[in-house]
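As a plain string of letters, each chain reads:
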Amino acid sequence: MTRDDNPFAPLQREAGAGEKITRKSLTAWQDIRYRLKGNKLAMFGFWVIIVVVALAILVPWLSVHDHYSNDLVNKNKAPTWGHWFGTDDLGRDMLVRTMMGARISLFVGVMAAIIDFFIGIIYGAIMGYFGGKVDEIMNRLSEILYAIPYLLVVILLLVVMEPSLTTIIVAMSITGWINMAWIVRGQIISLKNQEYALASQVLGAGHMRIMFRHLIPNAMGPIIVTVTLSVPSAIFTEAFLSFLGLGVQSPVASWGTMISDSIGAMTIFPWRLFFPAFFLCLTMFAFNVFGDGLRDAFDPKLKK
Amino acid sequence: MVAFVLRKVSFMVVTLFLLASLTFVLMNVIPGSPLQSEKATSEQVKKNLEAYYGLDKPMFERYINYMDNLIHGDLGVSMKKKYQTVERMISSSFGYSLRLGLASIVTSVIGGCVLGILAALYHRRFLDHFSMTLAVIGLAVPSLILGPLLQYIFAVKLGWFSVAGLKRPLDYILPTIALSASSIAVIARLIRSTMVEVLNGDFIKTAKAKGLAGHMIVWRHALRNSMLPVVTYLGFMIANVITGSVVVEQIFAIPGLGKFFVSSIVDRDYPLIMGTTIFYAVILLIGRFVADIAYVLVDPRIRLKGGKAGA
């Protein structure tokens, strides 16, 4: 009996089989992009965001109508070829107004992201990096700010300022970044004792360099997820305040004011409510699912 | 536990004091006064009015005065609605807001738990996808759209509920749903994600191995361990319900506290602005405080001294 006939003989082991790379090696970012692309819902959200941004930029620019001219002969018209989304109670074109509303919403979203990025990250990084007394004092301060609800901040500001987009953004920059600061703080605390930070310190890098070149780039995952999810909540806040009459004022078109203007007449002129409401929901949906997808993509526990 | 509570309470008092002072200063440094009106008033009438509301005294004295009254629970008299004290205005409308808020919190917790548990138990199956789709919709459709939508479908078209007002108990259903949708969604997602993890834990295997019935495992072990993020979220949710109720009250014409928020600003009614701000801040801080205490009570890993072992 030869050895080959023996069914229990161990297989011939190829030299260096254990070293062979079976899967293409991916950098962390390639891996994240790969996983994000596999998530259909998140990609759908991503494309919806792109489309809404494109519409917001192009429609008011290309349309023959504008968002403020009254045309009282053609008021409250249902959608037609001339006005794709119909007209409102002053005969203003709803398509252009809805897209101007999209501009405002997206602008608020972008501002929220910028505030998160600049104030939140710097504040959080300083808290986490220096620790000790600095951390204690800054943390207490942020807790006090956090205890003041956003609506109260807006109302306090409205005592001093006129209701406008500026008020909303100022209020956001007072309290909107705290969540981000806490997330960054947690990340920095866990990262600052890693070897590469120590190595950089030994090589003579200053605090700023360690923080911004080494620690923050390594905390980018949670930062990006937090930013993406803070965008829909900022969009909602703007719509909410404008709805109450505490935000953007007419004739500037905001989804919130358009919704509140049309509620009284929703049984008679439903399109006036439908279009701004639909785009508000669609945008919030898109940012939420895209943010969720990003979170899953960044989570190494979900790696298949 | 006592030290923990004391620390939290002192923190609340400091926050409240800062907030009240900030509001007072902000309101008083800006030009414009609540006593301005279109009608021309004679110097004497104006002086008398200012004296009546104490606006003729220097700011620091008014501040001390206000704080003194505040400590004694006196929020002052509205400057726009004649002869109405701020406490009366708040207490006559707070009942509606409170009932609506409590209904919404209970609905959110129960609804969110049911959806979340179903999703976790049937992980990656139909019920999971179903409840998570509901949750994403709940997140994407804000109350200011859900409210009119529900009103239109169930009150105007189907006629099952009254369109506005809070006269019958049935009237609470639509506003409560509009107010709770986003919280239900958040809680469902929180419960699902932690529960999926918890259900794979060793102590669940132990519970199964010792022959505990399925519903007992969910109830006694899995749910309690999954509740932690929900309890953390509670404090945040209270703020959500408070701000959300301003919109929902307006949509359903509920005579709650929300209307004062907007009207006091427009009218520059100083005492009413101060009153509503402080009142809401107190509610919010108490809510957060209760959530902090609940967190300690729910977490099976935190045992404060003297606590009994076992649920």
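Counting of residues starts from 1 at the beginning of each chain's written sequence and follows it residue by residue. The naming scheme follows written order: chains are lettered A onward, ligands numbered 1 onward. Since the coordinates come from a predicted model, pLDDT governs what is reported: local features require at least 70, and pairs of side-chain atoms require 80 or more to be given and counted, while whole-chain, interface and lining totals use all residues.

### Examining the overall build of chain B
(1) Moving on: What chain B contains, in helices and strands, is 11 helices and 0 strands.
(2) Moving on: Start at the N end of chain B and walk to the C end: the helices and strands fall as α-α-α-α-α-α-α-α-α-α-α.
(3) Moving on: Put simply, of all contacts in chain B between residues at least 6 apart along the chain, 74% involve residues at least 24 apart. Numbering of helices and strands starts at the N terminus; helices are DSSP runs of H or I of at least 4 residues and strands are runs of E of at least 2. For every residue pair, C-beta atoms are placed from the backbone, and the pair is scored as a contact if these atoms sit within 7 Å.

### Considerations on the domain arrangement of chain B
Residue and element names in this part refer to chain B.
(1) Moving on: On domain assignment, one finds that chain B holds domain 1 (2–71) and domain 2 (94–310).
(2) Moving on: Taken together, the 11 residues of domain 1 in the interface contact 13 residues of domain 2.
(3) Moving on: Each residue gets one label: Ala, Val, Leu, Ile, Met, Phe, Trp, Tyr, Cys and Pro are nonpolar, Asp, Glu, Lys and Arg are charged, and the others, such as Gly, are polar. Split into classes, the residues belonging to the side of domain 1 that touches domain 2 amount to 7 nonpolar, 3 polar and 1 charged. What counts as a domain boundary in this text is fixed by an automatic or database domain assignment.

### Notes on the UniProt feature "domain: ABC transmembrane type-1" (unreviewed entry) in chain B
(1) Moving on: Here, the residues flagged by UniProt with the feature "domain: ABC transmembrane type-1" (unreviewed entry) are residues 94–291 of chain B.
(2) Moving on: Along residues 94–291 of chain B, the helical share is 82% and the strand share 0%, with 21 Å between the first and last C-alpha atoms. UniProt positions are given in the numbering used here, feature names are shortened, and annotations may be inferred rather than shown by experiment.

### Overview of the interface of chain A and chain B
(1) Moving on: Facing 30 residues of chain A, the contacting portion of chain B comprises 33 residues.
(2) Moving on: Looking at the side of chain A that touches chain B, the elements that each hand over two or more residues are helix H4 (132–147), helix H5 (150–160), helix H10 (220–244), helix H11 (255–263) and helix H12 (270–298) of chain A.
(3) Moving on: If you tally residues by element for the side of chain A that touches chain B, the top one is H12(A), at 8 residues.
(4) Moving on: Here the side of chain A that touches chain B is composed, by residue class, of 27 nonpolar, 3 polar and no charged.

### Section: the UniProt feature "transmembrane region" (unreviewed entry) in chain B
Residue and element names in this part refer to chain B.
(1) Moving on: Taking the numbering used here, the UniProt-annotated feature "transmembrane region" (unreviewed entry) corresponds to residues 9–30, 100–122, 134–160, 172–191, 230–252 and 272–298.
(2) Moving on: Helix makes up 81% of residues 134–160 and strand 0%, whereas the separation of the span's terminal C-alpha atoms amounts to 23 Å.
(3) Moving on: Note that residues 172–191 is 95% helix and 0% strand, and that its end C-alpha atoms are spaced 26 Å apart.

### Considering unusual backbone geometry
Residues and elements named next belong to chain B.
(1) Moving on: You will see that Arg 124, though not glycine, has its phi angle at about 60 degrees, which is positive.
(2) Moving on: Considering the arrangement of structural elements, one finds Arg 124 in the loop between helix H4 (86–121) and helix H5 (126–140).
(3) Moving on: Note on burial: count the other C-beta atoms lying within 10 Å of the residue's C-beta; 20 or more is buried, 12 or fewer is exposed, in between is partly exposed, and C-beta positions come from the backbone. Under the C-beta neighbour-count criterion, Arg 124 is labelled exposed, with 8 such atoms within 10 Å.
(4) Moving on: Of note in the backbone geometry, Ala 253 takes a positive phi value of approximately 50 degrees without being a glycine.
(5) Moving on: Turning to its location among the elements, Ala 253 is positioned in the loop between helix H9 (214–251) and helix H10 (258–267).
(6) Moving on: Of the residues examined, Ala 253 has 14 C-beta atoms within 10 Å and is grouped as partly exposed.

### Some remarks on the nonpolar core
(1) Moving on: In this description, a nonpolar core means buried residues of the types Ala, Val, Leu, Ile, Met, Phe, Trp, Tyr and Cys, linked to one another by C-beta atoms lying within 7 Å. If you look at the biggest cluster of nonpolar residues, it comprises 148 residues, and the most contacted ones within it are Val154(A), Val184(A), Ile259(A), Ile187(B) and Ile191(B).
(2) Moving on: For this core, the element with the most residues is helix H3 (residues 94–130) of chain A, which contributes 16 residues.
(3) Moving on: Split by domain, this core shows at least three residues from each of two domains, domain 1 (2–71) and domain 2 (94–310) of chain B.
(4) Moving on: Among all residues touching Ile259(A), those that are not within four sequence positions of it are Phe243(A), Leu273(A), Pro276(A), Ala277(A), Leu144(B) and Ile145(B).

### Notes on the environment of Asn76(A)
(1) Moving on: Residue placement: Asn76(A) occurs in the loop between helix H2 (40–62) and H3.
(2) Moving on: Along the backbone, Asn76(A) and Tyr129(A) are 53 residues apart, and their C-alpha atoms lie at a distance of 58 Å.

### Re the confidence of the model for chain B
Residues and elements named next belong to chain B.
(1) Moving on: Across the chain, each position has a pLDDT score giving the predictor's confidence in that residue, from 0 to 100. When pLDDT is averaged along chain B, the result is 80, and 91% of the positions lie at 70 or above.
(2) Moving on: Mean pLDDT in chain B bottoms out at helix H2 (residues 43–53), which sits at 75, and peaks at H5, which reaches 89.
(3) Moving on: Scored below 50 in pLDDT, residues 305–311 makes 2 contacts in the model with residues more than four places away or belonging to other chains.
(4) Moving on: The ipTM assigned to the predicted complex is 0.78, against a pTM of 0.82.

### Remarks on H5(A)
Since the α-helix turns once every 3.6 residues, residues separated by three or four places project in the same direction.
(1) Moving on: Of all 11 residues making up H5(A), 8 are buried, and the element is well covered by its neighbours.
(2) Moving on: By the burial criterion, the buried members of H5(A) are Leu151(A), Leu152(A), Val153(A), Val154(A), Ile155(A), Leu156(A), Leu157(A) and Leu158(A).
(3) Moving on: At its buried positions, H5(A) is contacted by helix H6 (165–175) and H10 of chain A together with helix H1 (2–29), H9, H10 and helix H11 (270–298) of chain B.

### Thoughts on the packing of H1(B) against H11(B)
Axes are the key here: two packed helices are described by the angle between their axes and the distance separating the axes.
Residue and element names in this part refer to chain B.
(1) Moving on: In this analysis, axes come from line fits to C-alpha atoms, helices being fitted only over the stretch in contact, and the angle between any two N-to-C directions falls in the range 0 to 180 degrees. One can describe the packing of H1 onto H11 by two numbers: an axis separation of 10 Å at closest approach and a directional angle of 160 degrees. On the basis of their axis angle, the class for H1 and H11 is roughly antiparallel. In this structure, H1 crosses over H11, and the sense of that crossing is right-handed. Across the interface between the two elements, Lys 8, Met 12, Thr 15, Leu 16, Leu 19, Ala 20, Thr 23, Phe 24 and Met 27 of H1 pack against Tyr 270, Ile 273, Met 274, Thr 277, Ile 278, Ala 281, Val 282, Leu 285, Phe 289 and Asp 292 of H11.
(2) Moving on: Of the residues assigned to the contact of H1 with H11, the class counts are 14 nonpolar, 3 polar and 2 charged. Our angle categories are set so that under 35 degrees counts as roughly parallel, over 145 as roughly antiparallel, 65 to 115 as roughly perpendicular, and the remainder as oblique. Two helices that cross are described as forming a left-handed crossing if the nearer one is turned anticlockwise from the farther one by less than a right angle, and a right-handed crossing if clockwise.

### A short note on the packing of H5(B) against helix H7 (residues 173–199) of chain B
Residue and element names in this part refer to chain B.
(1) Moving on: Close contact between H5 and H7 brings their axes to 8 Å; oriented N to C, the two are set at 135 degrees. When the axes of H5 and H7 are compared, the pair comes out oblique. The two elements H5 and H7 cross, and the hand of that crossing is left-handed. Here Ser 131, Ala 135, Gly 138 and Leu 139 of H5 lie close against H7, whose contacting residues are Ala 181, Ser 182, Ile 184, Ala 185, Ala 188 and Arg 189.
(2) Moving on: Tallied by class, residues from the contact of H5 with H7 come to 6 nonpolar, 3 polar and 1 charged.

### Digging into the environment of Phe161(B)
Residues and elements named next belong to chain B.
(1) Moving on: Mapped onto the fold, Phe 161 is located in the loop between helix H6 (143–157) and H7.
(2) Moving on: On the neighbour-count criterion, Phe 161 (19 C-beta atoms within 10 Å) is partly exposed.
(3) Moving on: Sequence-wise, Phe 161 and Ile 71 are 90 residues apart; in three dimensions their C-alpha atoms are separated by 43 Å.
(4) Moving on: Among all residues touching Phe 161, those that are not within four sequence positions of it are Phe 154, Ala 155, Leu 170, Asp 171, Ile 173 and Leu 174.

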